[in-house]
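These are the residues of each chain, in order.
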Amino acid sequence: MRVCRTITDCRAIVADYKSKGETVGMVPTMGFLHAGHMTLVKLASSKADRTVVSIFVNPSQFGESADLDAYPRDEPRDLAMLKAAGVDLVFIPDVDTMYPPGDETVVETTRLANMLHGKVRPGHFRGVTTVVSRLFNIVQPDIACFGEKDYQQLQIIKRMVADLHMPVQVIGGKTVREDDGLAMSSRNVRLSTQDRAAALVLSRSLDAAEHAVQSGTTVEKLRDVIASTIRAEPRAALKGLDIVAAESLNELSGFVNEPTAIMLSVAFGDILLIDQRVVTP
Ligand code: PAF
């Protein structure tokens, strides 16, 4: 496994793969890898000849610098996991490499980035698309894998790639969960024991929502089912609940009669967790 930190080295290695006719699959990450990331690595490896993983904690997608500073990092552990998974190249740029002094170009999906979770975290998705477009320009992958857990992010990246005519196929990977149902996230390690137990309310409320949709319900009643399940957990603060059409992400109302994405963000103290489910009546 090769590890590189400069754009020149990364481009040279990828150019070598491409000169041999090999395809490149990429998994962009912010490091502190868990089983969810490793599933995406496996997915990318199954779809392309070479697998490239980037590790970059992207400052432009964090609202408060406290959240950025607190973001967990463990490069040696990440590299050991990626090596064991058979990854070919790990790209680990620093902030000045990704955002050279004087840079001023941003990439934003204007509608999708500023709805739903984008309202709770202003500027977050602009930061994501800005860094992902830069990473794509550096690595030039043929395919790129992103988790379905961040459903809005996945739809935004698909939109960006289509709008900017980027020659990358974006593939979504299923959410990986702990045995008890909590969606895997690098933030989970920051939860206290009590908050870790309380965090099960996310998957519990999505189970209740799925059951309600399958029994027949309206969007309004569905919202009540989810909100009341979350409110019954005193440690949880509901920050965002969006019930939208699975593809367009348009708000829905009335009887649920189409594939519907439910997107949740719930805070435990200063830690924001997200989860989502697409439910079909
Ligand atoms: O999902 C993430 O980890 C990040 O948003 C991403 C896509 C690596 C961009 O920094």
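What you are looking at is a predicted structure, and each value in this text was computed from that prediction instead of being measured.

Caption draft 1: Focus on the site of the ligand. Taken together, Pro28, Thr29, Met30, Asn58, Gln61, Val128, Val131, Val132, Phe146 and Gln153 make up all the residues around the ligand. Measuring from an oxygen atom of the ligand, one finds a side-chain N or O atom of Gln61 at 2.6 Å. Here the ligand has 290 Å² of accessible area as a free molecule, and 84% of this is covered by the chains. Within the residue set of the shell around the ligand, elements represented by two or more residues are β2 (24–29) and α7 (124–139).

Caption draft 2: Quick peek at the packing of aromatic side chains. All told, the structure shown has 3 aromatic pairs when counted by the stated rule. A centroid spacing of 6.3 Å and a plane angle of 35° characterise the contact between Phe56 and Tyr99, whose relative ring orientation is tilted. You can see Phe56 sitting in the loop between β3 (50–55) and α3 (65–70) and its partner Tyr99 sitting in the loop between α5 (95–98) and α6 (117–120), a full 43 residues away along the chain. Residue Tyr99 is classed as buried on the basis of its relative accessible area, which comes to 14%. An angle of 75° between the planes, with centres 5.5 Å apart, marks the rings of Phe62 and Tyr71 as edge-to-face. Side by side, Phe62 and Tyr71 carry an identical accessibility label, which is buried. Across the ring face of Phe32, the terminal group of Arg77 is positioned such that the distance to the ring centre comes to 4.9 Å.

Caption draft 3: Quick peek at the sheet that holds strand β8 (residues 260–268). Read from one edge of the open sheet, 3 strands run β7-β8-β9, paired in antiparallel fashion. Looking at the sheet topology across the chains shown, the edges are occupied by β7 (237–245) and β9 (271–279). Strand-to-strand twist in this sheet, taken as the mean axis angle between neighbours without regard to direction, amounts to 15°. The sheet contact formed by β8 and β9 spans 9 bridges and is antiparallel. Bridged to Phe268 within β9 is Ile271. Along the sheet, helix α10 (residues 201–215) contacts β8 and β9; its crossing angle with β9, the most-contacted strand, is approximately 20°.

Caption draft 4: Structural detail: the pattern of salt bridges. A full pass over the atoms with the stated rule returns 16 salt bridges. The salt bridge partner of Asp67 is Arg190, with a shortest N-O separation of 3.6 Å. Taken together, the residues Asp67 in helix α3 and Arg190 in the loop between β6 (169–173) and α9 (193–198) connect sequence positions 123 residues apart. A residue is classified by how much of its surface remains accessible, and Asp67, at 17% relative accessible area, is buried. Take Arg190: its relative accessible area is 23%, and that puts it in the partly exposed class. Lys174 is the salt-bridge partner of Glu148, the closest N and O atoms lying 3.5 Å from each other.

Caption draft 5: Fine view of the UniProt feature "binding site: beta-alanine" (unreviewed entry) in the chain. In the UniProt entry, the feature "binding site: beta-alanine" (unreviewed entry) is given for Gln61. Within the secondary structure layout, Gln61 lies in the loop between β3 and α3. Ignoring anything within four residues of it in the chain, the contact list for Gln61 reads Met30, Arg121, His124, Gly127, Val128 and Val131. Polar side-chain contacts of Gln61 include one of 2.8 Å to the side chain of Asn58.

Caption draft 6: Inspection of the pairing of β9 at higher detail. Buried residues dominate β9, accounting for 7 of its 9 residues. Where β8 hands over to β9, the hairpin turn is made up of 2 residues, of which Gly269 adopts a positive phi near 60°.

Caption draft 7: Representation of the side chain of Asp88 in the model. Counting through the fold element by element, Asp88 comes out in the loop between α4 (75–84) and β4 (89–91). In this structure Asp88 comes out as buried when scored by relative accessible area, which is 18%. Here the side chain of Asp88 touches Arg50 through a polar contact of 3.0 Å, side chain to side chain.

Caption draft 8: Representation of the pairing of β2. The element β2 is largely enclosed, with a buried count of 6 among its 6 residues. Judged by which residues are buried, β2 turns out to be covered on both faces: Val24, Met26 and Pro28 on one side and Gly25, Val27 and Thr29 on the other are all buried. Pairing analysis gives 6 bridges linking β2 to β3, with the strands arranged parallel. Each residue of the ladder has a partner; that of Val24, found in β3, is Arg50. Where β2 and strand β5 (residues 143–147) come together, 2 bridges link them in parallel fashion. Residue pairing for β5: Gly25 is matched across the bridge by Ile143.

Caption draft 9: Expanded view of the nonpolar core. By size, the foremost hydrophobic cluster in this structure holds 30 residues, and its most contacted members are Phe136 and Val139. Looking at this core, the elements that each hand over two or more residues are α1 (7–19), β2, β4, α7, β5 and α8 (151–163). For this core, the element with the most residues is α7, which contributes 7 residues. In terms of nonpolar packing, the next biggest core, distinct from the first, is built from 27 residues, Leu182, Leu191, Val201 and Val279 among them.

Conventions and cut-offs
- Numbers given to residues run from 1 along each chain, matching the order in which its sequence is written.
- Since the coordinates come from a predicted model, pLDDT governs what is reported: local features require at least 70, and pairs of side-chain atoms require 80 or more to be given and counted, while whole-chain, interface and lining totals use all residues.
- Values shown for side chains rest on all heavy atoms present in the structure; no hydrogens or waters enter the calculation.
- If even one non-hydrogen atom of a residue comes within 4 Å of a molecule or strand, that residue is called near it.
- Whenever two N or O atoms come within 3.5 Å, that pair is a polar contact, provided that in protein one can donate a hydrogen and the other can accept it, and provided that, for residues adjacent in sequence, both atoms are side-chain atoms.
- We get accessible surface area from the Shrake-Rupley algorithm with a probe of 1.4 Å; when it comes to residues, only the shown protein chains can shield them.
- Only DSSP runs of H or I reaching four residues or more are called helices, and only runs of E reaching two or more are called strands; each is numbered from the N terminus.
- Between the rings of Phe, Tyr and Trp (Trp by its six-membered ring), a pair exists once the centres lie within 6.5 Å; its type follows the angle of the planes, with under 30 degrees stacked, over 60 edge-to-face, and the other angles tilted.
- Throughout, exposure labels follow a simple rule: accessible area from a 1.4 Å probe, protein chains only, divided by the maximum for the residue type, with under 20% read as buried, over 50% as exposed, and the rest as partly exposed.
- Either the NZ atom of lysine or the CZ atom of arginine qualifies as a charge over a ring when it sits within 6 Å of the ring centre and within 35 degrees of the ring normal.
- Strands are treated as partners if at least two bridges between them are detected by DSSP.
- Here an axis means a line fitted to C-alpha atoms, over the contact stretch when the element is a helix, while the angle between two N-to-C directions is reported on a 0 to 180 degree scale.
- A contact between two residues is defined here by any heavy atoms of the two lying within 4.5 Å.
- A pair is scored as a salt bridge if a Lys or Arg side-chain nitrogen falls within 4 Å of a carboxyl oxygen belonging to Asp or Glu.
- UniProt positions are given in the numbering used here, feature names are shortened, and annotations may be inferred rather than shown by experiment.
- Residues belong to one nonpolar core when they are buried, are Ala, Val, Leu, Ile, Met, Phe, Trp, Tyr or Cys, and are joined through side-chain atoms within 4.5 Å.

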